[in-house]
Amino acid sequence: MNNHSVVGAKIKGIRETKNLSVEEIAERSGLTVEQINSIENDVNLPSLGPLIKIARALGVRLGTFMDDNDDLGPIVTRAKDREADSSISFSNGATDARKHMEYHPLAQQKAGRHMEPFVIDINPEDTPEFQLSAHEGEEFIYVMEGEIEIVYGKETYHLNEGDSIFYDSIVKHHVHGAPGKSAKILAVVYIPF
């Protein structure tokens, strides 16, 4: 996968194959027509929450947007391949669509998966702007390097290197670097299908 444009193209392709309009996907997902158009046209790739809602509206797994191919056996991702492999960049929902996170998928070839493991590089921001998202499932995050903040409901959790958190994704949440700090995290998102 060279960049996030593959994701937008796959969403559009699946939608068209199923003869669904952007308006129908917007209604099913609870997102706006503008949001879906911007995702399909690679103007802005949001955090995972909206992508999960689109996947559910289309009746596919989130992984369908990221898969390279389908392999039923175990998937080994070597560190050198992960770093050399391209990543998916997500903006943080701010109007200027700064790319504040780079996702390195760890199981793109695994068919039928319900977990999405990533190593995520988080770029520093002095004043992170973000939109909370909520979706079905669970998330596990382990901080490999740096410091992060997780807004979860009305609470904010500060995690340092070696810390981890496991939470239900249905509660509104957002993960970002601590102000001015960069980080590298391992994130595993479980999405019931």
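Residues numbered from 1 in each chain as written. Predicted model: local features only at pLDDT ≥ 70, side-chain atom pairs only at ≥ 80, totals over all residues. Heavy atoms only, no water.

Student: Can you lay out the packing of aromatic side chains for me, pointing to particular residues and giving the numbers?
Tutor: Inspection of the entire model under this criterion finds two aromatic pairs. A centroid spacing of 6.4 Å and a plane angle of 55° characterise the contact between Phe140 and Phe166, whose relative ring orientation is tilted. In this pair, Phe140 sits in strand β4 (residues 138–152) while Phe166 sits in strand β6 (residues 164–168), placing the two residues 26 residues apart along the sequence. With a centroid separation of 5.2 Å and an interplanar angle of 55°, the aromatic rings of Tyr152 and Tyr167 are classed as tilted. On the criterion of sequence distance, the pair formed by Tyr152 in strand β4 and Tyr167 in strand β6 is long-range, its members being 15 residues apart. Assessed through its relative accessible area of 3%, Tyr167 is described here as buried. (Phe/Tyr/Trp six-rings, centres within 6.5 Å; stacked < 30°, edge-to-face > 60°. Helix = DSSP H or I, 4+ residues; strand = E, 2+ residues; numbered from the N terminus. Buried < 20%, exposed > 50% of the residue type's maximum accessible area, 1.4 Å probe, protein only.)

Student: I'd like a description of the pairing of strand β3 (residues 115–122), backed by residues and values.
Tutor: Of all eight residues in β3, seven are buried; the element is thus mostly enclosed. As paired elements, β3 and strand β8 (residues 183–190) share eight bridges and run antiparallel to each other. Its bridge partner being in β8, Phe118 is matched across the sheet by Ala187. (Pairing = 2+ DSSP bridges.)

Student: Give a detailed account of the side chain of Asp121, specifying residues and quantitative values.
Tutor: Within the secondary structure layout, Asp121 lies in strand β3. Within the local environment of Asp121, its side chain forms a polar contact with the side chain of His104, the two groups lying 2.8 Å apart. Once residues within four sequence positions are removed from consideration, Asp121 is found in contact with His100, Met101, Glu102, His104, Ala183 and Lys184. (Polar contact = N/O pair within 3.5 Å; in protein donor to acceptor, adjacent residues only side chain to side chain. Contact = heavy atoms within 4.5 Å.)

Student: Summarise the environment of Ala79; cite the residues concerned and give the values.
Tutor: Along the chain, Ala79 turns up in helix α5 (residues 79–84). For Ala79, a relative accessible area of 48% gives the class partly exposed. A sequence separation of 27 residues divides Ala79 from Leu106, and the C-alpha atoms of the two residues are 9.8 Å apart.

Student: With reference to specific residues and values, describe the packing of helix α2 (residues 22–29) against helix α4 (residues 48–58).
Tutor: Between two packed helices, the angle of one axis relative to the other and the distance separating the axes together describe the packing. Two numbers describe how α2 lies on α4: the axes approach to 9 Å, and their chain directions differ by 110°. The angle between α2 and α4 falls in the class roughly perpendicular. Crossing of α2 against α4: the hand is right-handed. Across the interface between the two elements, Ile25, Arg28 and Ser29 of α2 pack against Lys53, Ile54, Ala57 and Leu58 of α4. (Axes fitted to C-alpha atoms, helices over the stretch in contact; angles between N-to-C directions. Parallel < 35°, antiparallel > 145°, perpendicular 65-115°, else oblique. Left-handed = near helix turned anticlockwise from the far one by under 90°.)

Student: An account of α2 is needed here, citing residue identities and associated values.
Tutor: Residues Val22, Ile25, Ala26 and Ser29 constitute the buried set of α2. Down the axis of α2, the buried side of the element spans an arc of 105°, and every buried residue falls inside it. When the buried face of α2 is taken as reference, the exposed residues oriented beyond 90 degrees from it are Glu27 and Arg28. Gly30 sits one or two residues past α2 and shows a positive phi near 80°. (Arc of directions from axis to C-beta.)

Student: Tell me about the nonpolar core, residues and numbers included.
Tutor: The nonpolar side chains of soluble globular proteins are, as a tendency, buried together. Formed by 39 residues in total, the largest nonpolar core has its most connected members in Ile54, Leu58, Phe65, Ile141, Ile148, Ile150 and Val175. Counting residues per element, this core draws most heavily on α4, which supplies seven residues. (Core = buried A, V, L, I, M, F, W, Y, C linked by side-chain atoms within 4.5 Å.)

Student: Residues and numbers for the environment of Thr64, please.
Tutor: Looking at the element boundaries, Thr64 is found in the loop between α4 and α5. A residue is classified by how much of its surface remains accessible, and Thr64, at 24% relative accessible area, is partly exposed. Sequence separation of Thr64 and Val7 is 57 residues, and the distance between their C-alpha atoms is 9.0 Å. Here Thr64 is in contact with Lys10 and Ile14, once residues within four sequence places are set aside.

Student: If you had to explain the packing of α2 against helix α3 (residues 33–40) to someone new, which residues and values would you point to?
Tutor: Viewed as axis vectors pointing N to C, α2 and α3 meet at an angle of 115°, and their least axial separation amounts to 9 Å. Considering only the axes of α2 and α3, their crossing is right-handed. Where α2 approaches α3, its residues Val22, Glu23, Ile25, Ala26 and Ser29 are matched on the opposing element by Val33, Ile36, Asn37 and Glu40.

Student: Describe in detail the pattern of salt bridges, supporting the description with residues and values.
Tutor: Within the structure shown, the criterion is met by four salt bridges. For Glu40, the salt bridge goes to Arg15, with nearest N and O atoms at 2.6 Å. Placement of Glu40 in helix α3 and of Arg15 in helix α1 (residues 5–17) is noted, with a sequence separation of 25 residues between them. Accessibility assignment for this pair places Glu40 and Arg15 in one class, buried. When the shortest N-O distance is used, the salt bridge between Arg56 and Glu136 registers 3.6 Å. Of this pair, Arg56 sits in helix α4 while Glu136 sits in the loop between β3 and β4, placing them 80 residues apart in sequence. The partly exposed category is assigned to Glu136, whose relative accessible area is 40%. (Salt bridge = Lys/Arg side-chain N within 4 Å of Asp/Glu carboxyl O.)

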